[in-house]
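# Examination of the molecular architecture
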Amino acid sequence: MKIAIIGAAGMVGNKILQVIDEQNIDAQFFLFGEQSQENTIVFFNGENYKMIALSHKSLLDIKPDFVLFVAGGTVSAEYAPVVASYGGIAIDNSSHFRMHNNIPLVIPEVNPELIKNIKDGAIIANPNCSTIQSVVALAPLHDRYILKRIIYTTYQATSGAGLNGVLDLERGIRGEKHQTFQYQIFDNIIPQIDEFQSNGTTREEQKMIDETRKILGMPNLHISATCVRVPIKNSHSVSIVAEFENKIDITEVRTILESAPGINVMDKPAAREYPMPIHANEQDEVFVGRLRVDESASNILSMLVVADNVRKGAATNAVQILKILTKRHK
C-alpha cells in the first residue's frame, strides 16, 4: 500500500506526519513538495525521507493508493483529479472540492458511511476546521432534537492562517510590524477572516454555513456566522447558539455529548471547569462546555466548542479518513 502526502513540509503537512506516526499506519510513504524542496530530508516514521518534487510525471510514476493534499486549493485542483484518474483516492484539505455535489465532505464521527461506500478513483474533501469541531458537537444533538437554526461566533487562532499567522503574533509580541494580517493581531482581535462577499459575509463565514448544511444534509438550515481572529497561537473556539425543533433537556444533552465519539465534555461551572484552547492543544478530541438552555426559549441551547484546529481541524480528520480507507484496502 502506497500513501503520499502532498505539502508535507507545511504546518498541516508536518502535523499529518506526526499523527500518522502516532497511529502506526503500515504503508510505503512518499512525501511531495515544491520543486525547491526536492531531495530535502524529512525524518518521519523512524526513517529519513527525501522530498519529491511534485509533477504529473512524479505522481504517475508512483501512483499512490491514497494521497493526502495539504498544499492549497490550486495544487488540489490540478492534481487530485490525476489521483482519481488512475484509481487512487485523494483526501483534500483545501476548500476547492468541498461544495462539489459529487464530492463527499467527511467528518468520521458524523458521516463515516460516506467513506465506507466510496469507490476507488475518488476525491474526499476535509471540511473547514471550525466546521469540523462545531458539527462534531451538533450532529448527535441534531439526531435527538432536530436543528432549526444555528448562530456561530468563532474565536480563531493565528495558526489558522498557517505558520505566517503565528509569526505575525510573535512579531507583535516583539513590538515589530505585522506582515500577514491586515492589522496587528497582538493585543487585538480582527473580525474578518478571508475576503468579504457582496452580502457582507466573509468567505470563512460562508464556508461554515455551506459546509454545515452539506454535512448534515440540511440545505435550507438557517445559519449565521461571525468569524474572528484572536491573538493566540493555536486551537479555535466556537460559541454556538442552536435552536431545535424540540424542547431541550440539559441533563440529556450532557449524556448525549458524553456518549458521542470524539467529544470531551468539560461542563462544571461551579468548579470553573470549561473548555479552553490550553485544553485542546495537541489533542484530537473536541472539547464542549458552557452548556445552558436559553432563558427565553426551552428549545435553544448555548455551548462553547474548542478544538486544536491544526490537529482535529485538519490533520487528524484527514488521517481518520485515511485509516478507514486503509482498513478496507487490506
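Throughout what follows, the structure given in this document is the object of discussion.

### Examining the pattern of salt bridges
Oppositely charged side chains can pair when the atoms bearing their charge come close. One pass over the full model with this rule turns up 16 salt bridges. Taking the shortest distance from any N to any O, the salt bridge between Lys233 and Glu170 comes out at 3.0 Å. In this pair, Lys233 sits in the loop between β10 (222-229) and β11 (236-244) while Glu170 sits in helix α6 (residues 163-173), placing the two residues 63 residues apart along the sequence. Taking relative accessible area as the criterion, Glu170 reaches 23% and is therefore assigned partly exposed. When the shortest N-O distance is used, the salt bridge between Glu176 and Arg174 registers 3.0 Å. Residue Glu176 is classed as partly exposed on the basis of its relative accessible area, which comes to 41%. Shared partners join several salt bridges into a network, and the residues in it are Lys15, Glu22, Glu282, Asp284 and Arg311.

### Observations regarding the packing of helix α5 (residues 129-145) against helix α7 (residues 203-216)
Two measures define how a pair of helices packs: the angle their axes make with one another and the distance between the axes. Two numbers describe how α5 lies on α7: the axes approach to 10 Å, and their chain directions differ by 35 degrees. The handedness of the crossing between α5 and α7 comes out as right-handed. Facing α5, whose interface residues are Ser130, Thr131, Ser134, Val135, Ala139 and His142, α7 presents Glu204, Lys207, Met208, Glu211, Thr212, Ile215 and Leu216. Across the contact of α5 with α7, the residue classes break down as five nonpolar, five polar and three charged.

### Notes on the sheet that holds β10
Across the sheet, six strands lie side by side as β10-β9-β11-β14-β13-β12; this open sheet has mixed pairing. Sheet topology places β10 and β12 (263-265) at the edges, where each strand pairs with a single neighbour. Each neighbouring strand pair of the sheet contributes to a mean axis angle of 20 degrees, computed without reference to strand direction. Those strands touched by α5 are β9 (147-156), β11, β12, β13 (286-293) and β14 (300-307), and its axis lies near 25 degrees from that of β11. In the packing of helix α8 (residues 250-259) onto the sheet, the strands contacted are β12, β13 and β14, and the crossing angle to β13 comes to about 170 degrees.

Calculation notes
- Residues numbered from 1 in each chain as written.
- Predicted model: local features only at pLDDT ≥ 70, side-chain atom pairs only at ≥ 80, totals over all residues.
- Heavy atoms only, no water.
- Salt bridge = Lys/Arg side-chain N within 4 Å of Asp/Glu carboxyl O.
- Helix = DSSP H or I, 4+ residues; strand = E, 2+ residues; numbered from the N terminus.
- Buried < 20%, exposed > 50% of the residue type's maximum accessible area, 1.4 Å probe, protein only.
- Axes fitted to C-alpha atoms, helices over the stretch in contact; angles between N-to-C directions.
- Left-handed = near helix turned anticlockwise from the far one by under 90°.
- Contact = heavy atoms within 4.5 Å.
- Nonpolar A, V, L, I, M, F, W, Y, C, P; charged D, E, K, R; others polar.
- Pairing = 2+ DSSP bridges.

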